[in-house]
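Structural features, examined
Residues per chain, in single letters:
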Amino acid sequence: MNPEEFRTAGHELIDWIADYRTRIPDLPVQAQVTPGEVTDALPSTPPAEPVGIDSLLKDLDEIIVPGLMMVQHPRHTGWFPSNASLASVLGDIAASGIGALGISWQSAPALTELEEVVCDWMRRLTGLSEGWKGVIQDTASTGCLVALLAARERAADYVSERGGMQSLPAPLTVYASEHAHSAIPKAALLAGFGRDNIRSIPTGSSFALDTALLRAAIEKDVHEGRVPAAIVVSLGTTATTAFDPLAEILEIAAGYGIWVHVDAAMAGSALLLPEYRWIVEGIEGFTTPDGVVVPPADSLGWNPHKWMGTILDTSLLYVREPERLVRVMSTNPSFLRNAVPGERVATEYRDWGIPLGRRFRALKLWFHLRLDGVAAIQDRLRRDLANAHRLAALVSAEPGWTVVAPVQLQTVCVRHEPLVASQMVDAGGLRSTAGPGTMAGSDSMAGLDSMAGPNSMTGSDAVAGPDAVSEPSTVGEPSTVGE
Ligand code: PLP
């Protein structure tokens, strides 16, 4: 394909994307296929001769789209809000079109430096101090793995430069709430801690980690000769958006020199709103009333590709001491050495993570922030928060429905507890007898602001059990807020 052919086909594809986004509200939320149906609809061998873009767009409509869950659908309330803002989609297209090779500063200086600048913009926007240096990872799972690798090596005095973990006299341990995302124990396993050394700390009534039990677990491990290496603090758990008490945890960690990684994968977007900065209270370190100096957290990860609406894969990882990542993950073969001009030291992002070749992900954030503007993104986050509280109030007022966890951000966890016949009479009739997993009367949902827009992001991050809302029957008219 030459650039002129690309131009023609590209215009058609952009038109197709715009049309597709427009008609999402008219499509079914669930994928309309059974396992194997997409496979069966596709030829088993690749084409020998080229086809036109029309043929591909037809297949997108007829095979691919029916095989997708419409996560941008106004009535999609599962998992996390996946807005995929069109402004960031343009950035993604630009990244692919530019086709930069991100293997060193020299291979694409603009890729590295735009990433530094955009991470710093995001740092400012979220109220973090200048002490935090950012990098874009593909996902929060990778960010956590990278943080735990650095934590492991710091705790073991860089044992990988010698005999590795297998030569350690005492096991290293990791701690996280029982409500931490499954990505956390997975990262700990991949970082070599071993299942026996990953502590799942129970939570209290608000589903946040119980710090007394954390302290007890650490003391027990130390007493028994193990070395606490890392605590992962969940700010905004997946099930209920619970917030582990960060400041208290930092204070406990300070006593043992434990690495603290903050996982705010979904909830981090709230930091764009100054009134929600309480979420990370303590993250910069502080002095206790007793005069104990508590250092800042070591790393923080959150996903603009969740609630903020930048398209996957855009996950921010901030660290206080990048040199800890570099020491563990640096590679410097002859074919990657730079002849860097000038006085300034170039950042080599390949040393801040696992892959060598890196995509130009910063363009997604750059386009999103510049084309949509921060104020519009903030407005949409506030709209979602207001909607969540309104929904919670409506659900609470509905007989047979319960809000089962505090509504901290935009996640509302609800349970349908069908009324028995005698209760129905008390509640005034049959209005709330929708089956388990469905939302009660549609009329009660009609007031939610713009909840039904193709880009609305009021969906729940929670998988709230078998009774979780699967699909509200009606949530109002589509809106276009946010784009
Ligand atoms: N942590 C939390 C709290 C999450 O909600 C999620 C995803 O839902 C993750 C981590 C994993 O995120 P990713 O898919 O970017 O690896």
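None of these values were measured; they are calculated from a predicted model.

So, how was this worked out
- Residues numbered from 1 in each chain as written.
- Predicted model: local features only at pLDDT ≥ 70, side-chain atom pairs only at ≥ 80, totals over all residues.
- Helix = DSSP H or I, 4+ residues; strand = E, 2+ residues; numbered from the N terminus.
- Buried ≥ 20, exposed ≤ 12 C-beta atoms within 10 Å, placed from the backbone.
- Contact = placed C-beta atoms within 7 Å.
- Pairing = 2+ DSSP bridges.
- Axes fitted to C-alpha atoms, helices over the stretch in contact; angles between N-to-C directions.
- Parallel < 35°, antiparallel > 145°, perpendicular 65-115°, else oblique.
- Nonpolar A, V, L, I, M, F, W, Y, C, P; charged D, E, K, R; others polar.
- Left-handed = near helix turned anticlockwise from the far one by under 90°.
- Expected span 1.5 Å × (residues − 1).
- Arc of directions from axis to C-beta.

It is worth spelling out the overall build of the protein chain at this point. Each helix and strand counted, the protein chain has 14 helices and eleven strands in total. Put simply, the protein chain has 483 residues, and 41% of those count as buried. Across the protein chain, the fraction of contacts at a sequence separation of at least 24, relative to all contacts at a separation of at least 6, is 75%.

What follows is about unusual backbone geometry. Of note, the bond from L312 into D313 is cis; its omega dihedral lies within 30 degrees of zero at 0°. Non-glycine residue D157 carries a positive phi angle of around 50°. Tracing the backbone through its elements, the reader meets D157 in the loop between α6 (140–155) and β2 (172–177). Exposure remark for D157: the 9 C-beta atoms within 10 Å place this residue in the exposed category.

Our focus in this paragraph is the pairing of strand β1 (residues 133–137). Among the five residues in β1, four count as buried, and that is most of the element. Here β1 pairs with strand β9 (residues 315–319) via five bridges, running antiparallel. Counted as the bridge partner of G134 is Y318 from β9.

Turning our attention to the packing of α6 against helix α11 (residues 322–329). Running from N to C, α6 and α11 point in directions that differ by 85°, and their axes come no closer than 9 Å. In terms of axis orientation, α6 runs roughly perpendicular to α11. Across the interface between the two elements, V146, L149, A150, E153 and R154 from α6 touch R324, L325 and V328 from α11. In terms of residue class, the contact of α6 with α11 is made up of five nonpolar, no polar and three charged.

Taken in spatial order, the seven strands make up an open sheet running β1-β9-β8-β5-β4-β2-β3, and their pairing is mixed. Looking along the sheet, the strands with just one partner apiece sit at the ends: β1 and β3 (198–201). Direction aside, the axes of adjacent strands within the sheet are offset by 20° on average. Pairing geometry for β2 and strand β4 (residues 227–234), over five bridges, is parallel. Considered in β4, the bridge of T173 is made with P228. Packed onto the sheet, helix α5 (residues 109–125) meets β1 and β9 and runs at close to 110° relative to β1. Set on the sheet, α6 makes contact with β1, β2, β4, β5 (259–263), β8 (299–302) and β9; between it and β5 the angle comes to about 175°.

Moving on: the packing of helix α1 (residues 3–23) against helix α3 (residues 53–64). In a pair of packed helices, the angle between the axes and the distance between the axes together describe the arrangement. Between α1 and α3, the shortest axis-to-axis distance is 10 Å and the interhelical angle comes to 20°. With respect to each other, α1 and α3 are oriented roughly parallel. In this structure, the crossing between α1 and α3 has a hand that is right-handed. For the pair formed by α1 and α3, the contact residues are A9, E12, L13 and W16 on the first element and I53, L57 and L60 on the second.

Bringing α5 into the picture now. In a regular helix each residue adds 1.5 Å, so 17 residues correspond to 24 Å; α5 covers 24 Å between its end C-alpha atoms and thus fits that length. What α5 keeps buried is the set L111, T112, E115, V118, M122 and R123. The arc enclosing the buried residues of α5, seen along the axis, measures out at 145°, which places them on a common side. Next to the buried residues of α5 lie β1, β9 and α12 (362–372). Backbone geometry just downstream of α5 places G127 in the positive-phi region, at approximately 75°.

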